[in-house]
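# Structural overview
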Amino acid sequence: MSTEGLTRTLPRLLVALLVLQGGWMAWAWSDYQTVLAPDDHGWNLYAFWRVAEGEMPYRDFAWSYGPVMPYFYALGFKLAGVRIPTVLALHGGVLALGSLLLYFVARRVAGPGLSFLAGAVVPSIGLVVHSYNHAGIVPLLLGALLAFLRSLEDPRRRVRWLALAAGLEVLAAGVLASMAAASMAALCLSALLVELYSNSIPGAGSAARLRRGVQVSVGLGLAWLAGTVLLYYAVLRGVPGPHLRHCFGIHGGEIPYMGNPLWSMAHVWAGLWRLATDPAHAPTWWWVVNRERVMAGLLPIAALGGGLVTLRLCLRRRVADPRGLAVLTLFLVTAFTSHQFLWTGGAYTLLWGPACGILPLTAWLFEAGLARCLPSDERGKKLRLLGTLLFAAACALATGLFRQIVPSSPQDRSLYLPLERARVHGGNRELDKVLEDVTRYLEAETAPGEAVAVFPYAPLYLYLAARPSAVYHLQTLLPGDLTDEDERSIIAAIEARHVRVVLFTNKVTALPERFGEDFGLAITSYLAERFAPVAQFGDGPWRPASDWVEGHQVLVLRRRE
């Protein structure tokens, strides 16, 4: 096949491969959950189930994120049944869509091979996100970014593309408002710089360019702001003020998931050196420990390389072509959406935003390097095509397809949670046994639809047993979560509904203060007075605190007659 024929056929083939990988991923992971955490997974599942039952987030139960994903997954529950595989299949489909959109974004700055690699990495990285809710931000941010880049390539339909970008960013704000705001700020600034440094207004002076840029940038931002305000007004109208204090909260006292960002970056480079000197260590280093930290290591490459080249382009005003404008936009998106990672140091937060810019920028830098290393004649073009195709195929197999084979192995599927609302294979025998035992107890000792209270943070039991929460507050984990008035309202709700069963877990907090010892004293005093322990689940004697998953125990309290 000629170079021209391969150039035309290769992108279509790679898109088809990404679609196949996405379908494979959604199927392979639809009944496998490595760890089913009683807290964050439970909060997500409880929210999706209650929305499917007609309740509203914020009004009927506390919810810290946007309203879009609970309604998305609730629709899945309505159509396919209230089971965890329904959520996992939709979760996989969302990440698969993000993979495909990232390919099309990367194609604006890089060739098909490296763009395919960028897209194929997303499912592997995405599977470590600890919240079904958060995955929804990926395709929405990428879709908005792609629409913005299309506006640079299609000036006659620019307003339509920008309107689509703003609309998708509004939906993104309905998932994680902080990520959407950062991404939208990057697009607005990019829209301003596009007018200043491109040839969109031939013959116009700098004052006219600036005026036009400000109009486009401000108009785009105001359109997004108006849409976001309308979205949240629709869902927050009529919600009592005290309830809102328990929504949209960010707990600044939490310990970062993987330490500070400098540590993450240093760790990934140390690991790469070890790979170079000890290649046999590669599988363990990549699969078990460092999938997220590799992303952290790519951040300085993309930010420094993309930033320096972008600065050079802007100073020389050589960004008139769509590719130069796309590089400028990708760099700004990377810089603006890095705030959450730089703040918390949690490497897994890279998926929520910077991956939208990091992977395409990195692909572009590699592409530019290949172009400099290889001759520009016909032979060089063929070598570049062959090299990028082989490199992308090998990396995609390692990062994407191979990752989907793992849960099919017998050792990973040796555990099964045979609950009606679960029906998934798990990876933690001790935790899964507690989940099953507590759920069976609630099903046997409480009536269908009977309200149950859970402290300090384990809504998964409510979802698994199909028992609604007796209280509005689903998380009472940190000292700042509850005021004296909140504690009184919780006690009043338990009394008003005459709750018979309360679950108390040994969930640890990220701070030295613990629920029932340093705060939440009114609730625990009330429980000690009105309730008595009747059962305990989890191995060994009661431990006052557990890890997020390991050592999990549950104490069942029943109302004194």
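Okay, so let's go over this structure.

Here is what the cut-offs are and how they apply
Residues numbered from 1 in each chain as written. Predicted model: local features only at pLDDT ≥ 70, side-chain atom pairs only at ≥ 80, totals over all residues. Heavy atoms only, no water. Axes fitted to C-alpha atoms, helices over the stretch in contact; angles between N-to-C directions. Helix = DSSP H or I, 4+ residues; strand = E, 2+ residues; numbered from the N terminus. Left-handed = near helix turned anticlockwise from the far one by under 90°. Contact = heavy atoms within 4.5 Å. Nonpolar A, V, L, I, M, F, W, Y, C, P; charged D, E, K, R; others polar. Patch = residues over 30% accessible without salt bridge, like charges linked within 9 Å, V, L, I, M, F, W, Y side chains within 5 Å. Areas by Shrake-Rupley, 256 points an atom, 1.4 Å probe, with all protein chains shown as cover. Salt bridge = Lys/Arg side-chain N within 4 Å of Asp/Glu carboxyl O. Pairing = 2+ DSSP bridges. 1 Å grid on protein atoms, 1.4 Å probe; cavity = no way out; pocket = protein on both sides within 12 Å on 5 of 7 lines; lining within 4 Å. Points joined across faces, edges and corners; volume = space filled by probe spheres on them. Parallel < 35°, antiparallel > 145°, perpendicular 65-115°, else oblique. Core = buried A, V, L, I, M, F, W, Y, C linked by side-chain atoms within 4.5 Å. Buried < 20%, exposed > 50% of the residue type's maximum accessible area, 1.4 Å probe, protein only. Polar contact = N/O pair within 3.5 Å; in protein donor to acceptor, adjacent residues only side chain to side chain. Phe/Tyr/Trp six-rings, centres within 6.5 Å; stacked < 30°, edge-to-face > 60°.

On to the packing of helix H8 (residues 177-197) against helix H14 (residues 322-336). Where H8 contacts H14, the axes come no closer than 8 Å and their chain directions differ by 150 degrees. Seen along the crossing, H8 lies across H14 with a hand that is right-handed. Two secondary-structure elements touch here, H8 through Ala 182, Ala 185, Ala 186, Leu 187, Leu 189, Ser 190, Leu 193 and Val 194 and H14 through Leu 325, Leu 328, Thr 329, Leu 332, Val 333 and Phe 336. Of the residues assigned to the contact of H8 with H14, the class counts are twelve nonpolar, two polar and no charged.

Now for a nonpolar patch on the surface. A cluster of nonpolar side chains, Leu 210, Val 214, Val 218, Leu 222, Leu 225 and Val 229, forms an exposed patch at the surface whose accessible area comes to about 500 Å². Mapped onto the secondary structure, Val 214 falls in helix H9 (residues 206-236).

A separate point is the sheet that holds strand S6 (residues 554-559). Sheet architecture is open: four strands sit in the order S3-S4-S6-S5, paired in mixed fashion. For this open sheet the edge positions go to strand S3 (453-455) and strand S5 (531-537), each flanked by a neighbour on one side alone. Sheet twist, expressed as the mean angle between neighbouring strand axes with direction ignored, is 25 degrees. One ladder, built from six bridges, connects S5 with S6; its direction is antiparallel. The residue of S6 that forms the bridge with Pro 533 is Leu 557. Of the strands in this sheet, strand S4 (501-505), S5 and S6 touch helix H18 (residues 429-445), which is tilted by about 135 degrees from S5. Sitting on the sheet, helix H20 (residues 484-496) touches S3, S5 and S6, and the angle it makes with S3 is about 145 degrees.

This part covers empty space enclosed by the protein. Per the stated rule, a full pass over the model turns up four cavities of 30 Å³ or more. Empty space within the largest cavity amounts to approximately 50 Å³. Gln 33, Thr 34, Val 35, Leu 36, Leu 417, Val 424, His 425, Gly 426, Gly 427, Asn 428 and Asp 432 together form the lining of the largest cavity. Among the elements that line the lining of the largest cavity, the one with the most residues is strand S2 (residues 424-426), at three residues. For the lining of the largest cavity, the residue count by class is four nonpolar, six polar and one charged.

A packed helix pair is summarised by two numbers, namely the angle formed by the two axes and the spacing between the axes. Contact pair helix H7 (residues 158-173) / H8: the axes reach a minimum separation of 8 Å and the direction vectors enclose 160 degrees. In this view, H7 runs roughly antiparallel relative to H8, as classed from their interaxial angle. Seen from above, H7 lies across H8 with left-handed handedness. Taken together, the residues of H8 that come into contact with H7 (itself represented by Arg 158, Glu 169, Ala 172 and Ala 173) are Ala 177, Ala 180, Ser 183, Met 184, Leu 187, Ala 191, Val 194 and Glu 195. Across the contact of H7 with H8, the residue classes break down as eight nonpolar, one polar and three charged.

Okay, the nonpolar core next. Counting residues in hydrophobic clusters, the biggest one holds 116 residues, and the most contacted among them are Ile 84, Tyr 132, Tyr 461 and Leu 503. With twelve residues, helix H6 (residues 137-153) is the single largest residue contributor to this core. In contact with Tyr 461, not counting residues within four places along its chain, are Pro 38, Val 434, Leu 435, Val 438, Thr 439, Leu 442, Leu 503, His 552 and Val 554. In terms of nonpolar packing, the next biggest core, distinct from the first, is built from 20 residues, Val 471, Ile 494, Ile 523 and Phe 531 among them.

Within S4, five of the five residues are buried, which leaves it mostly tucked inside the rest of the structure. Side chains Val 501, Leu 503 and Thr 505 project from S4 onto one buried face, and the interleaved Val 502 and Phe 504 project onto a second face that is buried too.

Omega for the bond connecting Phe 455 with Pro 456 falls within 30 degrees of zero, at -10 degrees, which places this linkage in the cis form. With respect to the helices and strands, the residue Pro 456 is situated in the loop between S3 and helix H19 (460-465). In the Ramachandran plot, Tyr 58 falls in the positive-phi region, its phi being about 75 degrees despite a non-glycine side chain. If you trace the backbone, Tyr 58 turns up in the loop between helix H2 (40-52) and helix H3 (68-80).

Looking at the secondary structure, you find Ser 151 in helix H6. Classification of Ser 151 as buried rests on a relative accessible area of 2%. Here the side chain of Ser 151 touches Phe 148 through a polar contact of 2.4 Å, landing on its backbone oxygen. In this structure Ser 151 touches Arg 158, Trp 161 and Leu 162, once residues within four positions along its chain are discounted.

The subject of this paragraph is the pattern of salt bridges. One pass over the full model with this rule turns up 18 salt bridges. The partner of Arg 108 in a salt bridge is Glu 153, with the nearest N and O atoms 3.0 Å apart. Of this pair, Arg 108 sits in the loop between helix H4 (84-106) and helix H5 (112-126) while Glu 153 is found in helix H6, placing the two residues 45 residues apart along the sequence. For Glu 495, the salt bridge goes to Arg 559, with nearest N and O atoms at 3.0 Å. Here the residue Glu 495 occupies a position in helix H20, and Arg 559 occupies one in strand S6, the gap between them amounting to 64 residues. Because the salt bridges share partners, they merge into one network encompassing Glu 495, Glu 529, Arg 530 and Arg 559.

Attention shifts here to the packing of aromatic side chains. The final tally for this structure, using the stated rule, is 15 aromatic pairs. A ring pair is formed by Trp 43 and Trp 63, whose centres lie 5.8 Å apart and whose planes are at 85 degrees; its orientation type is edge-to-face. Of this pair, Trp 43 sits in helix H2 while Trp 63 sits in the loop between H2 and H3, and the two are 20 residues apart along the sequence. The two residues Trp 43 and Trp 63 agree in class, both being buried. Here the aromatic rings of Phe 72 and Tyr 73 are separated by 5.2 Å at their centres, their planes lie at 70 degrees, and the arrangement is edge-to-face. Since its relative accessible area comes to 0%, Tyr 73 is described here as buried. The structure contains a cluster of three or more aromatic residues connected by ring pairs, namely Trp 43, Trp 63, Tyr 65 and Tyr 457.

Positionally, Leu 95 belongs in helix H4. On the basis of relative accessible area, Leu 95 is assigned to the buried category, the value being 0%. Sequence spacing of Leu 95 and Gly 22 is 73 residues, and the spatial spacing of their C-alpha atoms is 7.6 Å.

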